[in-house]
Amino acid sequence: MRPFRFLAVASTPVGGRALAELARRAEGTGFAALVVPDHLVDQMAPVPALAYAAAVTDRLRFGTFVLNNDLRHPAVLAHDLATLDVLSAGRLEIGIGAGWNEPEYTQAGLPFDPVGTRVARLAEGIAVLKGCFGDEPFSFQGDHYVITGYDGRPKPVQRPHPPFMVGGGGRRVLTLAGREADIVGLAPRTLPGTIRDPRSITLAATEEKIGWVREAAGDRFADLELNVYPTGSAPLLTDHARREAETLAEAFRGQSGRDISADEVLESPHIFVGSVDGLVEKVRMLRERLGISSFMLGEVGELDPVVERLAGT
């Protein structure tokens, strides 16, 4: 089994000194990576934030969780990402997705295309990124991007490229992830501020998603890292896990009109509510049963005792 890797998120806009303290604390606690999301809201932009954090740490890896492919041309993005990998001496991880938050598109005046179009554009974007990271000039002719004899430089330190993370809750994106990613993010089906279908956060639904990934990946499935993250509820250390789970189940039923039980909430790969011992046991169960070894657990400090117990084991 793969050793556990834990990721911490940094999104709240803070000054450089606070970000440096956050990154150093994550490194000292045992987090494998610090990740920054990519939304046009009151959050830090990922590239400058990661560059700053990389400058004040030695071992901590850095990632995007995740870039919206629609916000940047992939050749321009490749230039930024390769530079980040050079600056951090090869510590970058590239999380990238098809974009999902329609209000951001509307407010910024960007077209919000149907999901099939966005996923197809993401597939082309990944192909362009990998081409830019390659050793030779390359050309690409797609429906969304055209590249002609371009040799992206600088080249990243990690060869053939930094690890790609692709994830989602639907079969189209997870099939793409199985074919192209090194890390696969298993996500529920959500809408801003709510869970569209609480059944999508269950253990059974996650098993089904892993099956889609396995089918697409073929022989390379054993080389993939599987990741999950909290959704629908912030991580919470408590000695009253069942009471909290019952409250969450009732809220999910009210939001969606679909049934989910407290037991399903407690075992969900996307809900982290319980005591330190209980969550340690749960994380171990998810790796043993589903092969999930990568966990993005929110802000530094929320589940540090769990990370300290399990990181690298």
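In the block above lies the structure referred to throughout.
Below is a short write-up of the structure. Being a predicted model, the structure only gives us computed values, none of them experimental.

Each value, and the rule that gives it
- Residues numbered from 1 in each chain as written.
- Predicted model: local features only at pLDDT ≥ 70, side-chain atom pairs only at ≥ 80, totals over all residues.
- Heavy atoms only, no water.
- Salt bridge = Lys/Arg side-chain N within 4 Å of Asp/Glu carboxyl O.
- Helix = DSSP H or I, 4+ residues; strand = E, 2+ residues; numbered from the N terminus.
- Buried < 20%, exposed > 50% of the residue type's maximum accessible area, 1.4 Å probe, protein only.
- Core = buried A, V, L, I, M, F, W, Y, C linked by side-chain atoms within 4.5 Å.
- Contact = heavy atoms within 4.5 Å.
- Axes fitted to C-alpha atoms, helices over the stretch in contact; angles between N-to-C directions.
- Parallel < 35°, antiparallel > 145°, perpendicular 65-115°, else oblique.
- Left-handed = near helix turned anticlockwise from the far one by under 90°.
- Expected span 1.5 Å × (residues − 1).
- Arc of directions from axis to C-beta.
- Pairing = 2+ DSSP bridges.
- Right-handed = clockwise from strand over helix to strand, strands pointing away.
- Lys, Arg positive; Asp, Glu negative; His and termini not counted.

Considering all chains together, one arrives at 16 salt bridges under this definition. Between Arg5 and Glu225 there is a salt bridge, with the nearest N and O atoms lying 3.0 Å from each other. Placement of the pair is Arg5 in strand 1 (residues 5-9) and Glu225 in strand 12 (residues 225-228), with a sequence separation of 220 residues. With respect to class, Arg5 is no different from Glu225; both count as buried. What emerges from the salt-bridge pattern is a single network uniting Arg5, Arg61, Glu93 and Glu225.

Another point: the nonpolar core. Of all hydrophobic cores here, the largest spans 71 residues; its most connected members are Phe6, Leu81, Ile96, Val184 and Phe295. Ranked by residue count, the leading element in this core is helix 5 (residues 115-133), at seven residues. The residues contacting Phe295, other than those within four sequence positions of it, are Phe4, Arg5, Phe6, Leu7, Asn227, Val228, Phe272, Val283 and Leu286. Counting residues in each nonpolar core, the second largest holds 10 residues, with Ala245, Phe252, Ile271 and Val273 among its members.

Take the packing of helix 7 (residues 203-217) against helix 10 (residues 276-290) next. Two elements in contact, helix 7 and helix 10, have axes separated by 12 Å at closest approach and are oriented at 40 degrees. Here helix 7 is positioned oblique relative to helix 10, judged by the angle of their axes. Of the two possible hands of crossing, helix 7 and helix 10 adopt the one that is right-handed. Contacts from Leu203, Thr206, Glu207 and Ile210 in helix 7 reach Leu286, Arg289 and Leu290 in helix 10.

Taking 1.5 Å per residue, 15 residues should reach 21 Å; helix 10 reaches 21 Å between its end C-alpha atoms and fits that length. Looking only at helix 10, the buried set comprises Leu279, Val280, Lys282, Val283, Leu286, Arg287 and Leu290. When helix 10 is viewed along its axis, its buried side chains cluster within an angular range of 165 degrees and face the same direction. Residues of helix 10 that are exposed and angled more than 90 degrees away from the buried face: Asp277, Glu281 and Glu288.

So, about the pairing of strand 3 (residues 61-64). Side chains Arg61 and Gly63 of strand 3 all project onto a buried face; the interleaved residues Phe62 and Thr64 project onto the opposite face, where all are buried too. Bridge analysis of strand 2 (residues 33-36) against strand 3 gives four bridges, and the strand direction is parallel. Among the inter-strand pairings, Leu34 is bridged to a residue of strand 3, identified as Phe62. Handedness of the strand 2-helix 2 (residues 46-55)-strand 3 crossover: right-handed. Sheet topology places strand 3 next to strand 5 (residues 92-97); two bridges connect them, and they run parallel. By the bridge assignment, Phe62 is partnered in strand 5 with Leu92.

The next subject is unusual backbone geometry. Cis geometry marks the peptide bond from Phe65 to Val66, where omega comes out at -10 degrees. On the secondary structure map, Val66 appears in the loop between strand 3 and strand 4 (67-68). Here Arg153 and Pro154 are connected by a cis peptide whose omega angle stands at 5 degrees. Counting through the fold element by element, Pro154 comes out in the loop between strand 7 (146-150) and strand 8 (164-168). Despite not being glycine, Ala89 shows a phi value in the positive range, around 60 degrees. Relative to the helices and strands, Ala89 is located in the loop between helix 3 (74-87) and strand 5.

Looking at the secondary structure, you find Lys209 in helix 7. Summary of buried charges: Lys209 has no salt-bridge partner, and the nearest side chain of opposite charge, Glu208, is 7.5 Å away. With residues up to four places along the chain from it excluded, the contact list for Lys209 reads Gly169, Leu174, Leu186, Ala187, Pro188 and Ser200.

As a further point, take the pairing of strand 12. Both faces of strand 12 are covered, namely the face carrying Glu225 and Asn227 and the face carrying Leu226 and Val228. Pairing analysis gives three bridges linking strand 9 (residues 183-186) to strand 12, with the strands arranged parallel. Among the inter-strand pairings, Ile183 is bridged to a residue of strand 12, identified as Glu225. The pairing of strand 12 with strand 15 (residues 292-296) spans three bridges and is parallel. Bridge pairing links Asn227 to Ser294 in strand 15.

Attention now moves to the environment of Gly142. Its place among the elements puts Gly142 in the loop between strand 6 (138-141) and strand 7. Sequence separation between Gly142 and Arg121 is 21 residues, and the spatial gap between their C-alpha atoms is 8.9 Å.

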